[in-house]
Amino acid sequence: MKPWEKNVRKVVPYTPGEQPDRPNMIKLNTNENPYPPSPGVARVLKELDPDSLRRYPDPGAEVLVHALAEYLGVSKQQVFVGVGSDDVLAMSFLTFFNSEKPILFPNITYSFYDVWAGLFQIPFECPALDKEFRICTEDYFRDCGGIVIPNPNAPTGLEKSLEELEEIIRKNSEVIVIIDEAYIDFGGTSALSLLPKYENLLVVQTFSKSRSLAGMRIGYAIGNEKLIQYLNDVKYSFNSYTMSAAALAAGVEAVRDDTYFRETLQKIINTRERTKKELHRLGFSFPDSRSNFIFATHRDCPAEELYEALKQADIYVRYFRKPGIDNYLRISIGTEEQMDELIRFMEHYLGERL
Ligand code: PMP
């Protein structure tokens, strides 16, 4: 080790899903939306005047904050925006989890949580999911430094009822409870309705999945005004200009076009439900997903083998080589045609294998 290395902050980073770029690939590995963003997004990006890029963007991201506040029926002071929900979640960990006591999140969940906890030196504990991959509510009734619950959970896709979430929020009034709703628009019930009742609740959502803007990096948090003020204080101590002019303009258009948003969601939900039936027919089982992915295991074929076979055919799904989930594939919902091709390939592959 070089002498200077002892002062380096060493962390184990998050591993993002592969981003291959092959001409005819079917990419079902990072829960992206298979449909383009609202046509208004293309229009404002085309209209963006390069001369305006000389200037810094609005540090308060006022236009986007305003559009979201109006859309969600909250005040502007209740909205915090960031560079994808990863940025919003990281800022929230840094702002709200500053206790000696461990924060709690499930043992099988979004694998960025333990990375941020490690980076910010936040102690954490991870209550185990039950055998059906459900989050056990009672595990979160204990003294702790804060709580993060993704709803629906990733990579399982399972939704937790609002009643159970409310119990967790109510019984932990001394700490902040973050509900990560990255996948809530695909048929789940948001915890936003609980905000007037609980000042310790922060709801985090994203434009990456349901609004087809993963490449633009837009996420947001909704909470009571005090929480948002604390978040902004930390943000302005780190990087004032988080949202680019392009992201602000695109984000506003995406929020405005509610008809397009709802149509796209419905298409994905319909395709998901059809895919569930097909997967069952082929011998897969899976938790009943309320998200834009299905976490599936096959009764005969090991997940890793199938993952490799799919990859050879330029069909990318996500495989996690982790205890408890290493025989599962997380399959994002693509277009009808993409899912047809996936099913056709698997039907053939599994048939040949017998
Ligand atoms: N939360 C969960 C549960 C996720 O799966 C993801 C996507 N990887 C994110 C947050 C972050 O998404 P983004 O930064 O694109 O908003």
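What counts as what
- Residues numbered from 1 in each chain as written.
- Predicted model: local features only at pLDDT ≥ 70, side-chain atom pairs only at ≥ 80, totals over all residues.
- Heavy atoms only, no water.
- Near = heavy atom within 4 Å.
- Polar contact = N/O pair within 3.5 Å; in protein donor to acceptor, adjacent residues only side chain to side chain.
- Areas by Shrake-Rupley, 256 points an atom, 1.4 Å probe, with all protein chains shown as cover.
- 1 Å grid on protein atoms, 1.4 Å probe; cavity = no way out; pocket = protein on both sides within 12 Å on 5 of 7 lines; lining within 4 Å.
- Sits in = over half its atoms within 2 Å of the grid points.
- Helix = DSSP H or I, 4+ residues; strand = E, 2+ residues; numbered from the N terminus.
- Nonpolar A, V, L, I, M, F, W, Y, C, P; charged D, E, K, R; others polar.
- Core = buried A, V, L, I, M, F, W, Y, C linked by side-chain atoms within 4.5 Å.
- Buried < 20%, exposed > 50% of the residue type's maximum accessible area, 1.4 Å probe, protein only.
- Domains from an automatic or database assignment.
- Contact = heavy atoms within 4.5 Å.
- Phe/Tyr/Trp six-rings, centres within 6.5 Å; stacked < 30°, edge-to-face > 60°.
- Lys NZ or Arg CZ within 6 Å of the ring centre and 35° of its normal.
- Pairing = 2+ DSSP bridges.
- Axes fitted to C-alpha atoms, helices over the stretch in contact; angles between N-to-C directions.
- Buried area = accessible area lost by both parts, 1.4 Å probe.
- Salt bridge = Lys/Arg side-chain N within 4 Å of Asp/Glu carboxyl O.

Visitor: Help me understand the site of the ligand in this model?
Guide: Surrounding the ligand, one finds G84, S85, D86, L89, Y110, D180, A182, Y183, T206, S208, K209 and R217. Here R217 contributes a side-chain N or O atom positioned 2.7 Å from an oxygen atom of the ligand. When the ligand sits alone it has 400 Å² of accessible area, and the protein chains cover 92% of it. Put simply, the ligand lies in the largest pocket. Of all the elements, helix 3 (residues 84–96) adds the most residues to the shell around the ligand, at 4 residues. Grouping the constituent residues of the shell around the ligand by class yields 4 nonpolar, 4 polar and 4 charged.

Visitor: Is there a simple way to explain the nonpolar core in this structure?
Guide: The tendency in soluble globular proteins is for nonpolar side chains to be buried side by side. L64, V81 and F207 are the most contacted members of the largest nonpolar core, which totals 49 residues. Elements supplying a minimum of two residues to this core: helix 2 (62–72), strand 2 (79–82), strand 5 (146–150), helix 5 (162–171), strand 6 (177–180), strand 7 (201–206), strand 8 (219–223) and helix 7 (245–256). In terms of residues, this core owes the most to one element, helix 7, which gives 6 residues. Here this core spans two domains, since at least three of its residues come from each of domain 1 (18–36 + 259–353) and domain 2 (39–256). Setting aside anything within four residues of it in sequence, one finds V81 in contact with A61, L64, V65, L68, V88, G219, Y220, T242 and M243. Membership of the second largest hydrophobic core comes to 33 residues, among which are I26, F261, L342 and I343.

Visitor: Where do I start with the packing of aromatic side chains in this structure?
Guide: Working definition: an aromatic ring pair is given by the centre-to-centre distance plus the angle between the planes. Overall, the coordinates contain 20 aromatic pairs when judged by the stated rule. Each ring, one from Y110 and one from Y113, has its centre 5.6 Å from the other, and the planes form 85 degrees; the classification is edge-to-face. Seen from the ring of F293, R330 lies directly overhead, with NZ or CZ sitting 5.7 Å from the centre.

Visitor: Is there a simple way to think about the pairing of strand 10 (residues 293–298) in this case?
Guide: Sheet faces and side chains relate simply in a regular strand, where the side chains alternate between the two faces. Among the 6 residues of strand 10, 6 are classified as buried, and the element is accordingly described as predominantly covered. Residues F293, F295 and T297 point to one face of strand 10 and I294, A296 and H298 to the other, with burial holding for every one of them. With 2 bridges joining them, strand 9 (residues 284–285) and strand 10 adopt antiparallel strand pairing. Counterpart to F284 in the pairing with strand 10 is H298. The pairing of strand 10 with strand 12 (residues 329–332) spans 4 bridges and is antiparallel. Bridge pairing in strand 12 places F295 opposite R330.

Visitor: Honestly, the side chain of T30 in this entry has me stumped. Any pointers?
Guide: Mapped onto the fold, T30 is located in the loop between strand 1 (26–28) and helix 1 (39–47). Note on T30: relative accessible area 15%, which makes it buried. Within the local environment of T30, its side chain forms a polar contact with the side chain of K27, the two groups lying 2.7 Å apart. Side-chain polar atoms of T30 contact the side chain of E32, separated by 3.0 Å. In this structure T30 touches G17, E18, Q19, K209, R330 and S332, once residues within four positions along its chain are discounted.

Visitor: Explain the sheet that holds strand 6 to me, please; I cannot follow it from the model alone.
Guide: The strands making up a sheet associate through hydrogen bonds between their backbones, and the pairing can be parallel or antiparallel. As summarised here, the arrangement of the 7 strands in space is 2-8-7-6-5-3-4, forming an open sheet in which the pairing is mixed. The sheet terminates laterally at strand 2 and strand 4 (124–125), the two strands that pair on one side only. In this sheet, strand 8 lies alongside strand 2 in antiparallel orientation, the contact comprising 4 bridges. Bridging across to strand 8, F80 finds its partner in A221. Of the strands in this sheet, strand 2, strand 3 (103–104), strand 5, strand 6, strand 7 and strand 8 are in contact with helix 3, which crosses strand 7 at around 160 degrees.

Visitor: Honestly, the domain arrangement of the chain in this entry has me stumped. Any pointers?
Guide: Often the size quoted for an interface is simply the accessible area lost on bringing the parts together. Assigned domains of the chain: these are domain 1 (18–36 + 259–353) and domain 2 (39–256). A straight line from the C-alpha centre of domain 1 to that of domain 2 covers 26 Å. Each partner contributes to the interface: domain 1 provides 27 residues, whereas domain 2 provides 22 residues. Summed over both sides, the interface of domain 1 with domain 2 buries roughly 2,000 Å², with 63% coming from carbon and sulfur. The largest per-residue losses of area from domain 1 upon contact with domain 2 belong to F261, R290 and F293, which jointly make up 29% of the total buried on that side. If you look at where domain 1 meets domain 2, you find 1 salt bridge. One salt bridge in this structure joins E159 and R290, with 3.3 Å as the shortest N-O distance.

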